[in-house]
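# Coordinate inspection notes
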Amino acid sequence: MASSEKSKYESLRQDSFTPEVTPYGGAHSGFFPSDSKSTQASFGQHPLPEQIPEEISKTRRHHVFRFWPWEIGSVVVSFGLIAATFSILSHYNEQKVPEWPFSINLNTLVALISTIMRAAMLVGVAEVISQTKWTWFSRPRPLSHLQYFDAASRSVSGSLSLLFVAPGSTLGVIGALVTILSLGMGPFAQQAIKTVSCRQTHTEVNATLPVAHFVPGYGSYYRVGAGLWEVEIDMKGTMVNGIADPTSKDLGVVATCPTGNCTFTRHNGITHSSIGLCSACIDTSSFITMNKTAYPNSNYTLDNYTLPNGMWVSPNSDYAYLNVATGMLSWAKSIFDPEFAKLNNASILSTTVLALSTSMCPGDEDNPNCPIPDGYGGPTGYVATSCSLYPCLKNYDATMEKGVLSEKIVSSQPATVNWVEAGISPGQINSVMNWTALQTPCLLDGTWYDLPNLSSVPKIDGRTFTDINIDGTNYTAPHECLYKISYPFVAGLTQFANSNLLSGTCTYNRRQGEAISCYDNWWLARLYNGKKATFESIRTAFDQFATAVTNKLRTTGSSNTDILSHETVQGQVIEMTVCTEFQWRWLLMPTILVAITAAILIAIIIQNLRDHKQPVWKSSLLPLLYYGFGETHHQDPRTPVMDLTQMNRAASDTRAKFRNGAGAGFVDVTPTVSGIDLMMRKRGRDVDVDSLIEGR
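Report on the accompanying structure. What you see as residue numbers is a count from 1 along each chain, following the sequence as written. Local features in this predicted model are restricted to residues whose pLDDT is 70 or higher, and side-chain atom pairs enter the listing and the counts only when it is 80 or higher, whereas totals over whole chains, interfaces and linings include all residues. The basis for every side-chain value is the complete set of heavy atoms in the structure, and neither hydrogens nor water enter the calculation.

## Considerations on the overall build of the protein
So the rule is basically this: Under the DSSP-based scheme used, a helix requires at least four consecutive residues in state H or I and a strand at least two consecutive residues in state E, with every element numbered from the N terminus. Any two residues whose heavy atoms approach within 4.5 Å at even a single point are treated as in contact. Computed with a 1.4 Å probe, the accessible areas rest on the Shrake-Rupley method; for each residue, only the protein chains presented here act as cover.
For the protein, the helix and strand inventory stands at 20 helices and 27 strands. When contacts within the protein are restricted to residue pairs at least 6 apart in sequence, long-range pairs at least 24 apart make up 71% of them. Summing over all exposed atoms, the protein offers an accessible surface of approximately 34,900 Å²; the carbon and sulfur share of this is 55%.

## Focus: the pattern of salt bridges
Spelled out, the test is: For this analysis, a salt bridge means a side-chain nitrogen from Lys or Arg found within 4 Å of a carboxyl oxygen belonging to Asp or Glu. Burial status follows relative accessibility: with a 1.4 Å probe on protein chains alone, a residue under 20% of its type maximum counts as buried, one over 50% as exposed, and anything between as partly exposed.
Counted by the stated rule, this structure contains 14 salt bridges. Here Glu230 ties to Lys236 by a salt bridge, and the two come within 2.6 Å at their closest N and O atoms. Judged by relative accessible area, Lys236 falls into the buried class, the value being 18%. Between Glu421 and Lys484 there is a salt bridge; the shortest N-O distance is 2.8 Å. A residue pair is termed long-range when its members are at least 10 positions apart, and Glu421 in helix H12 (residues 419–422) and Lys484 in strand S23 (residues 482–486) qualify at 63 residues. Relative accessible area serves as the criterion here: at 4%, Lys484 is assigned to the buried category.

## Quick look at the packing of helix H7 (residues 156–165) against helix H8 (residues 170–181)
The following threshold applies: Working convention: axes come from line fits to C-alpha atoms, limited for helices to the stretch in contact. Angles between N-to-C directions cover 0 to 180 degrees. Should the near helix be turned anticlockwise from the far one by less than a right angle, the crossing is termed left-handed; should it be turned clockwise, right-handed. In this count, Pro and Cys sit with the nonpolar residues alongside Ala, Val, Leu, Ile, Met, Phe, Trp and Tyr, while Asp, Glu, Lys and Arg are called charged and the others, Gly among them, polar.
Between H7 and H8, whose axes approach to 9 Å, the crossing angle comes to 145 degrees. Relative to H8, H7 is oriented so that their crossing is left-handed. Touching Val156, Ser159, Leu160, Leu162 and Leu163 of H7 are Gly172, Val173, Ala176, Leu177, Thr179 and Ile180, all from H8. Partitioned by chemical class, the residues of the contact of H7 with H8 number eight nonpolar, three polar and no charged.

## Concerning the packing of aromatic side chains
How we decide: Any two of the Phe, Tyr and Trp rings considered here, Trp counted by its six-membered ring, make a pair once their centres fall within 6.5 Å; the pair's planes then place it as stacked at under 30 degrees, edge-to-face at over 60, or tilted in between. Counting as a charge over the ring demands two things of the Lys NZ or Arg CZ atom: a distance within 6 Å of the ring centre and an angle within 35 degrees of the ring normal.
Evaluation of the coordinates by the stated rule reveals 15 aromatic pairs. Ring centres of Trp522 and Trp523 lie 5.3 Å apart, and the angle between their planes is 80 degrees; on these two criteria the pair is classed as edge-to-face. Given a relative accessible area of 9%, Trp523 falls into the buried group. Connected via pairs of aromatic rings, a cluster forms that spans Trp229, Trp435 and Tyr487. Here the basic side chain of Arg141 rests over the ring of Trp136, its NZ or CZ set 3.7 Å away from the ring centre. Sitting above the plane of the Tyr376 ring, Arg510 keeps its charged end 3.9 Å from the centroid.

## Focus: the state of the cysteines
The condition is simple: Whenever a pair of cysteine sulfur atoms sits within 2.5 Å, that pair is classed as a disulfide.
A complete count under the given rule lists seven disulfides for this structure. Here Cys281 engages in a disulfide with Cys387; their sulfurs sit 1.9 Å apart. Disulfide Cys281-Cys387: the torsion about the S-S bond is 105 degrees, which places it as right-handed. On the criterion of sequence distance, the pair formed by Cys281 in strand S9 (residues 272–283) and Cys387 in strand S15 (residues 381–401) is long-range, its members being 106 residues apart. Accessibility classification places Cys281 together with Cys387 in one group, the buried group.

## Considering the side chain of Thr380
Here Thr380 is to be found in the loop between strand S14 (349–357) and S15. Setting aside anything within four residues of it in sequence, one finds Thr380 in contact with Leu356, Ser357, Thr358, Cys361, Cys370, Pro371, Ile372 and Lys531.

## A look at H8
As a reminder of what qualifies: Expected helix span is given by 1.5 Å per residue-to-residue step, counting one fewer step than there are residues.
Look at H8: 16 Å from first C-alpha to last across twelve residues, which is about the 16 Å you get at 1.5 Å a residue. Looking only at H8, the buried set comprises Leu171, Gly172, Val173, Gly175, Ala176, Val178, Thr179 and Ile180. Packing partners of the buried residues in H8 comprise helix H5 (106–136), helix H6 (144–152), H7 and helix H16 (588–610).

## Considerations on the sheet that holds strand S18 (residues 434–438)
Put simply, the test is: Should DSSP find at least two bridges between two strands, the strands are regarded as paired.
Overall, mixed pairing links the four strands, which are arranged S5-S23-S18-S17 in an open sheet. Sheet topology places strand S5 (214–215) and strand S17 (416–417) at the edges, where each strand pairs with a single neighbour. In the sheet, S17 pairs with S18 via two bridges, with the strands oriented antiparallel. Opposite Thr416, over in S18, you have Thr436 as the bridge partner. The strands touched by helix H13 (residues 487–501) within the sheet are S5, S18 and S23, with S23 carrying the most contacts at an inclination of about 55 degrees.

Shown next as structure tokens:
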């Protein structure tokens, strides 16, 4: 094999030649003598470079783009990774930090993307800097600048040096600045991710609040005789505490909320509704009159302050300072406003509180100017408040924050006896009758129903309906829209209130200090409010009492169709967790650097298109070998210098070794066997074979 190669090589030496390189990517089939004189003579026969045909220039210009595919692709990849970063971080913005396998998190992913992005971007930047060095030497420059350009395409330190060595190379300087600033791409991309505490909906559990469509539930009352019922002891305890300590946590609604932060879906500002008890009060102090009662066989008279219903209080020792009684309020009808009159008609219990109170003295502390200036307990005034308690539908807006439930009553409406359902005439009493409220509008299966379209509610399996009279018109309403409280339960509740809860007097003696004695009805002392009772304080006390009873009804009540079931409204559980906040401004720097890279790449390509004499050599070292110092390589002036593809082909067909020491340089330069075969077939080469042989 070696002898064969040598024979071929010797034959080439005997017919030494120089290939004519064409701009069409191959070696021309023509041969030129390697003799220097012949070569010089040949040169004299060719036109000057300025006379190169236009077709050759157009071809060179046409082939510029094929030398930049990797750089163009790298910039496209960089833009794609920028877009991916924006997309990923936008997707997880204000979302819970994702949990991925192998402890990989969002920061890891962004760091990886930014690293690949920088590497891809610098592929284009490095080749742009490398290409500018060939343009830089269009004028005489120190050869050391070659090294500076090469170092700038490889490292940040080299880029820093280039800024001072070649400030006139615009594209080179821009490329160097991009290389230097690219160090910040990773940190800037990381800064775009900020972790913050946030509220997220827990998807695995739900919050609940008790509500009731129907009262009573199972076991809430019992029958003690013909037409006589009593409520269970737990309800009696709730009613007593509702007067004595209405703000007790024991009387509150217990919500199920595992995290302590829950929300409930709102419809028209309402999260849930329930049957309950409401109160309405009026100030009846204007009906109080002062009477004097003479003691038998004595000149001493007793002052007492009396209401038309016979209730009275007296500022004398050991007499009533507080009087509470139930009964109809017809004696005060003259001061009813239309709203109170309507609510009083729906009431199941009416009560009046009459009390002596220093808060009713119009003067100040030094000069109270009380209506009763010489009372046993000191100067005092008096107040009377009458309240009606009635079944009602309550609409709520609820939230729970940090374990504290907040419920606001959005609206309420009285529940009246449904004579149509009971089959009785108005005013009659029957144990099967219910106080009923129709919720309007009512949301069913995503559709709102009001009185005009109530008849269009779909009659599906399991849905029951009840007739009800509203303002003289009968309607058929689904049970989902009806809220009821039954007569037996109302009878048991009012029996306890009339006989025990809201009936009694409280007396005062100085030996008691500031307290009054209510004997067995000790809970009534709260209505006295430490001798500072007012209309507002009494009205508030009955509002709180009604709320306490309502909360109990919501806990013990049931649905309209199943007395054994307890209803709840479901809500969303909010958990405090760590979320991602996308601060997109931090990605502007990487985006701008990629855009600048694209700009200088476009600029260098346009420069190559305009200057067709300058091939695209980029970072290749071969031009320094093929086009070294002086005019040691001769070629046809009508043909342009080899481009990168042609030069690589020529180099692949040539072998050499580097000799160190004295006379250092490439020696034993020979064409490869494959190169010889190719040359023999095409009658052309990409290098000056004669010069290579001479250097052997």
